[in-house]
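Observations on the three-dimensional arrangement
Take a look at the letters that make up each chain.
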Amino acid sequence: PRHIYITRHGESEFNTVGKIGGDSSLSPRGMEYAQRLKQFMDEQELPNLRVWCSSLKRTIQTAQNFDDVESWKALDELDAGLCDELTYKEVEEQFPDVYRDRATDKYWTRYPRGESYADVVQRLEPRILDLEQAQENVLVVCHQAVARCLLSYFQQKSDLASQLPYIKVDLHTVFKITPIPYGNLIEVFPLGI
Ligand code: F6P
């Protein structure tokens, strides 16, 4: 059977200072992950592999060691709108309503002039259809919220609102999805960076 691999980008400069969103580059550790990811995928010895990333620098840099990478804007991170480039503490101080709403109803809360998880699920739909129909193996290099949406789809989670926004998706970890009768097998590979 063919496989779908999902990972977040390597650690970004913004990750190191706790800022959300933005379009920062990878940190030195993130660059190390980009190399390790290529090595890991080579070890999978796949006959054919498509590689997708988002339109943001951190996923493009994470995928830079692969050939023929497809960059999709639909895979960009959840748009934090007016809260983009803030830390969670700054969101709490400057947008207390948003902070509180996210704490109680993260799935449906839309950042002012930005997106909610529900919005991201919707914009990912064509990408998910493409993933389902692809005959090749596909590696998707994306972002925390996007990875949660993709994984919840393949895990066939029933109650999206209560589960999806809380799926644990660590940095520097690859999720390998294999279709099996009546579902998918999901294996988790922390690459130790
Ligand atoms: O902090 C990294 C990040 O990808 C942010 O860019 C994004 O806003 C956030 O994670 C999504 O996670 P949560 O919905 O838990 O804030």
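Residues numbered from 1 in each chain as written. Predicted model: local features only at pLDDT ≥ 70, side-chain atom pairs only at ≥ 80, totals over all residues.

Within the protein, the secondary structure is distributed over eight helices and six strands. Listing every helix and strand of the protein by position from the N terminus yields β-α-α-β-α-β-α-α-α-β-α-α-β-β. The C-alpha radius of gyration of the protein comes to 16 Å, within 12% of the 16 Å expected for a compact globule of 193 residues. Dimensions of the protein, computed from the C-alpha atoms along their principal axes, are close to 50 × 40 × 25 Å. When burial is assessed residue by residue, the protein has 32% of its 193 residues classed as buried. Considering only contacts within the protein whose residues lie at least 6 apart along the sequence, 61% involve residues at least 24 apart. (Helix = DSSP H or I, 4+ residues; strand = E, 2+ residues; numbered from the N terminus. Rg over C-alpha atoms; globule rule 2.2 N^0.38 Å. Buried ≥ 20, exposed ≤ 12 C-beta atoms within 10 Å, placed from the backbone. Contact = placed C-beta atoms within 7 Å.)

As a further point, take the UniProt feature "binding site: substrate" (unreviewed entry) in the protein. The feature "binding site: substrate" (unreviewed entry), as annotated in UniProt, sits at Arg8, His9, Gly10, Glu11, Ser12, Glu13, Phe14, Asn15 and Arg58 in this numbering. For the residues just named, distributed over 51 residues, the greatest C-alpha separation is only 14.2 Å, placing them together at one site. Take glycine 10: it is sitting in the loop between strand S1 (4-8) and helix H1 (13-17). Its 29 C-beta neighbours within 10 Å are what place glycine 10 among the buried residues. (UniProt positions renumbered as here; feature names shortened; annotations may be inferred.)

The subject of this paragraph is unusual backbone geometry. Even without being glycine, arginine 113 reaches a positive phi, approximately 60 degrees. Secondary-structure assignment places arginine 113 in the loop between helix H5 (96-105) and helix H6 (117-133). For arginine 113, a count of 11 C-beta atoms within 10 Å puts it in the exposed group. A positive phi angle is found at tyrosine 182, which is not glycine, with a value near 65 degrees. Its location among the elements puts tyrosine 182 in the loop between strand S5 (173-180) and strand S6 (183-190).

A few words now on helix H2 (residues 28-43). Helix length check: H2, at 16 residues, gives a terminal C-alpha distance of 23 Å against a target of 22 Å (1.5 Å per residue), a fit within 8%. Those residues of H2 that fall on the buried side of the exposure criterion are Gly30, Tyr33, Ala34 and Leu37. Angularly, the buried residues of H2 cover 105 degrees about the axis, an arc narrow enough to put them on a single face. With respect to the buried face of H2, the exposed residues turned more than 90 degrees away are Pro28, Gln39, Asp42 and Glu43. (Expected span 1.5 Å × (residues − 1). Arc of directions from axis to C-beta.)

The buried fraction of S6 is low, at zero of eight residues. Where S5 meets S6, eight bridges bridge the pair, whose relative direction is antiparallel. Opposite valine 174, over in S6, you have phenylalanine 189 as the bridge partner. Once S5 ends, the chain turns through two residues before running back antiparallel as S6, passing tyrosine 182 with a positive phi of about 65 degrees. (Pairing = 2+ DSSP bridges.)

Bringing the sheet that holds strand S3 (residues 69-71) into the picture now. Ordered in space as S3-S2-S4-S1-S5-S6, the six strands form an open sheet in which the pairing is mixed. Only two strands of the sheet have a single neighbouring strand rather than two, namely S3 and S6. If you compare each strand with its neighbour and ignore which way they point, the axes differ by 20 degrees on average. The strands that helix H7 (residues 144-154) touches are S1, strand S4 (137-142), S5 and S6; relative to S1, the one it contacts most, it runs at about 150 degrees. (Axes fitted to C-alpha atoms, helices over the stretch in contact; angles between N-to-C directions.)

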